[in-house]
Amino acid sequence: MKHKALMAALAFALALSGCAGGAGPIIFRIALDADINSLDPGLAIEYESVQVLSQLAQSILGFDGNGGLVPLLAEEWHQTDDLTYVYQIRPNVTFSDGSPMTMEDVLFSLERVRNAEDNNQFSSHMALVDSISAEGWTLTIHLASPSVVFKYALATYAGSVISKRYYLAHRENFGTAEGGILATGPFVLKEWKAGESITLARNERYWDHAALAANQVEEIVFMVLSDSSIRLAALQAESVDFTVFLPFEQLNAVANNPTFKVSVTDSRGVIFLALNTERPPFNDKQVRKAVSHALDIQKLNAEFGNWAGPPGTALLFGSSLYGGDAEQWNAYLANVEGYDYDMPLAKDYLAQSAYPRGFDCDLVVDAWLPINMARANFIRESLAPLGINVTLIPVEVDESYPYLMGEVRDKNGARDYDLILSDTTAEYPDLTSILYILLVSSESDGGFNTAAYQNSEVDRLLQEQLAETNPPRRFEILKRLVDIVRSDVPYIPLEYMSFQSALNTKYSGLPFTQDWISYLPVQNVHLAQKGEL
């Protein structure tokens, strides 16, 4: 049955090849590896949904593609003191049905996030907000305490504005294929066929008239092609114009084809091995230290060649998040015990544990990245000399998030896995995003904490660094935090993710940058001119 389903998907993809591209208005096709989860901005946490939703909904601020903030639904903004942020909202914005966006819509959208309504996944960005008020088109947000990262909050989906009227009329199915969404983006939802495709049409009522006039893309068709071979075949048949995360072994073939431009961009993400500190055997610190020295991360990284991102270190964040502290973080890594490969040392640590002869365990593999199975097999083979016998449990995209977010529990209430191989990406260009997601003890504070790591001092330092506006003092706080985590080994970073994309060279105008998850401006796509990259 699976074979028949894949062949049907391929036939569907190839059937569209005859109308892809060409002269006149553009129908631009993007291959997704899984269906989207929701069109509700509060629930869009996996990259498939984000790629689609970023065309439909907009936030008060935006990212410029390289981590900088730009005005979007706000004309301008400024910070009057450590606690107060003022935004001048554009008075001429319309929703995609032509109705005006009002300050009531703005306030409603922000309060919905702040109050974590409908299980909003971005409420942590508003945790420090003391008050939100409006006078005319001026929006003022006052914080209860300073935050070095709040400036980014309204450029994420925490700042996304939806129609209050539409939401209240469709609350029961808002964000679904039936309920849809009413927002302010350059495209509107035309059709969502579950498990097959999502089609967006150009928003002819888009409030940015200059951008609308320049937009040559009449439709975007997101094609759900879960099998990487199907995505590759669709790309080569030119029935797909753009895709990301093809398997490394397929990227060489695409890169050598002049029809496509392959881009590789260092992301703000990390691929990690999480060790479940909540239950045996990985609640034993000596076991975790043993594992940290049994993995030859440099060798693992080298096996993937030029397509891989930088190899992991003892830091949960890569150099793209060092900010102004790059020199200090590089010096830190050069002077501390890292997770270097050392099998004799790994055996010594295991000998000091409660499991000197090894044990059996499972490894849940988030298999949405095709290369993760190769990583998982490498881990299994690396731990075998310690007597650690690893059983692999691959899970697909829709199955991985319950594991990551702690929803899968054993009979004792602990997270029901021993190890998990997965990844996460910072929403904004500051290491706080990664540290909160992976380390904060309370899940209500917006983290996944996939390692079930509990450390009150780490929680305290996370809050302290957040409020410290002096860069040198903040670095010292972060260094103390990292020292604790590095020693406790709840996670082992394997690679600082790189993103790979393939774009048909008949098109241009689609930059692939570190902000691509929140900034994929398909409305800028146009037919490439001669000599244009």
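Residues numbered from 1 in each chain as written. Predicted model: local features only at pLDDT ≥ 70, side-chain atom pairs only at ≥ 80, totals over all residues. Heavy atoms only, no water.

Draft legend 1. Broad picture of the environment of S382. If you trace the backbone, S382 turns up in helix α12 (residues 372–383). Residue classification places S382 among the buried positions, given a relative accessible area of 12%. For the pair S382 and Y349, spaced 33 residues apart in sequence, the C-alpha to C-alpha distance is 15 Å. Apart from the residues lying within four places of it in its own chain, the contact partners of S382 are A294, L295 and M343. (Helix = DSSP H or I, 4+ residues; strand = E, 2+ residues; numbered from the N terminus. Buried < 20%, exposed > 50% of the residue type's maximum accessible area, 1.4 Å probe, protein only. Contact = heavy atoms within 4.5 Å.)

Draft legend 2. Molecular detail of helix α3 (residues 103–114). The end-to-end C-alpha distance of α3, which contains 12 residues, comes to 16 Å, matching closely the 16 Å that a straight helix rising 1.5 Å per residue would cover. By the burial criterion, the buried members of α3 are M103, D105, V106, F108, S109, L110, R112 and V113. Against the buried residues of α3 lie β5 (84–89), β6 (129–135), β7 (138–143) and α4 (164–169). Of the residues trailing α3, A116 is marked for its positive phi of about 55°. (Expected span 1.5 Å × (residues − 1).)

Draft legend 3. Representation of the packing of aromatic side chains. Going through the model one piece at a time under the given rule, you end up with 19 aromatic pairs. Between Y355 and F359 the ring centres are 5.5 Å apart and the planes differ by 70°, which places this aromatic pair in the edge-to-face class. Residue classification places Y355 among the partly exposed residues on the basis of a relative accessible area of 24%. Joined through ring pairs, the aromatic side chains of F317, Y322, W329, Y332 and F475 make up one cluster. (Phe/Tyr/Trp six-rings, centres within 6.5 Å; stacked < 30°, edge-to-face > 60°.)

Draft legend 4. Structural view of unusual backbone geometry. Following P280, the chain continues to P281 via a peptide bond in cis, the omega torsion being 0°. Relative to the elements of secondary structure, P281 occurs in the loop between β13 (269–275) and α8 (285–294). With a phi angle near 60°, N119 is a residue other than glycine that sits in the positive phi range. With respect to the helices and strands, the residue N119 is situated in the loop between α3 and β6.

Draft legend 5. Inspection of the nonpolar core at higher detail. Counting 177 residues, the largest nonpolar core has F28, I60, Y87 and L439 as the members making the most contacts within it. Residues in contact with I60, not counting those within four places in the same chain, are P71, L72, L73, A74, Y87, I89, V106, L110, L139, L154, G159 and V161. (Core = buried A, V, L, I, M, F, W, Y, C linked by side-chain atoms within 4.5 Å.)

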